[in-house]
Amino acid sequence: MNDLLYNKKVMCPACNREIEVTRVKTKACKVLSRDTDMCVHYENINVLFYDVWVCDNCGYAALQDKFEGLFTRDVKAIKENISKNWIKRSFTGERDVDKAIEAFKLALLTLKVRNAKNSEIAKVCLRIAWLYRFKKHSANEIKYLNFALEAYKDAYQNERFPLDKLDEITCMYIIAELFRRVGKFDEAITWFSRIVASPEARSKPSLIDMARDQYQLAKDQLAEQNT
Ligand SMILES: [Zn+2]
């Protein structure tokens, strides 16, 4: 196996069996750049590929920091809707982008079966869009950016902040930038200007700077679209 990776044994909270998952060594997580929607590019190895753990016995899948902590009703829903049809296969070891997409889609399926919050669904959809960006499959990237956008909008309206680690201003920024990336420049401009005008945003000067840049870009793109 790639020497930037290592395997670790964990208990699956859905089937209570021990499984082996693959993690990236901390020293390998060197950031190369960040896209304007927060997608991180790494040196050496794509850390995102390993962010979902999948149980090869029962098909339960989740982001690694959310893998534990299932309620009894979740376990029942997973058994009835996923494990029953699960064809055993392993996600341990090195992953390519397609294996990563498969793992993330299983995590999305688990969230849907659990009736999870829209903020959790949005987070996974956004990462699937990034994986399609790495794969240079722009039609599917846009499709999942749209799914993420719809779920973040719903979460913004109906959930209490912070959404896990996501604060309100950063969530507004992501919504604005996703609107821009799916070509809805009017909505993007509205959301970016709300951030720039928001008193709470003053505590995040780098985010205001990014919002100003992206506001201008969206304006230029809108003008170009209308010519
Ligand atoms: Zn399991």
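Residues numbered from 1 in each chain as written. Predicted model: local features only at pLDDT ≥ 70, side-chain atom pairs only at ≥ 80, totals over all residues. Heavy atoms only, no water.

Asks: Where do I start with helix α6 (residues 185-197) in this structure?
Replies: Each α-helix winds once per 3.6 residues, and so residues spaced three or four apart point in a common direction. End to end, α6 covers 18 Å across 13 residues, agreeing with the expected 18 Å (1.5 Å per residue, within 8%). Among all positions in α6, only Phe-185, Ala-188, Ile-189, Trp-191, Phe-192 and Ile-195 are buried. (Helix = DSSP H or I, 4+ residues; strand = E, 2+ residues; numbered from the N terminus. Expected span 1.5 Å × (residues − 1). Buried < 20%, exposed > 50% of the residue type's maximum accessible area, 1.4 Å probe, protein only.)

Asks: Whenever I open this one, the coordination of the zinc ion confuses me. Can you help?
Replies: Tetrahedral coordination by four donors places them ideally at 109.5 degrees to one another around the metal; octahedral coordination by six donors ideally gives 90 or 180 degrees. The protein atoms donating to the zinc ion are Cys-12 (SG), Cys-15 (SG), Cys-55 (SG) and Cys-58 (SG), with metal-donor distances spanning 2.3 Å. Here the zinc ion is ringed by four donor atoms whose angles at the metal span 106 to 117°, and the overall shape comes out tetrahedral. Taken in chain order, the donor set of the zinc ion reads C-x2-C-x39-C-x2-C. Overall, the relative accessible area of 0% leaves Cys-55 in the buried class. A relative accessible area of 4% places Cys-58 in the buried class. (Donors = N, O, S within 2.8 Å, 3.2 Å for Na, K, Ca; no water. Tetrahedral: all angles 85-135°; square planar, octahedral: opposite > 155°, others 65-115°.)

Asks: So what exactly am I meant to see when it comes to the environment of Trp-130 here?
Replies: Here Trp-130 lies in helix α3 (residues 118-134). Judged by its relative accessible area of 5%, Trp-130 is buried. For the pair Trp-130 and His-41, spaced 89 residues apart in sequence, the C-alpha to C-alpha distance is 9.9 Å. Not counting the four nearest positions on each side in its chain, Trp-130 is found in contact with Asp-37, Met-38, Cys-39 and Leu-48. A polar contact of 3.2 Å, which involves the side chain of Trp-130, links it to the side chain of Asp-37. (Contact = heavy atoms within 4.5 Å. Polar contact = N/O pair within 3.5 Å; in protein donor to acceptor, adjacent residues only side chain to side chain.)

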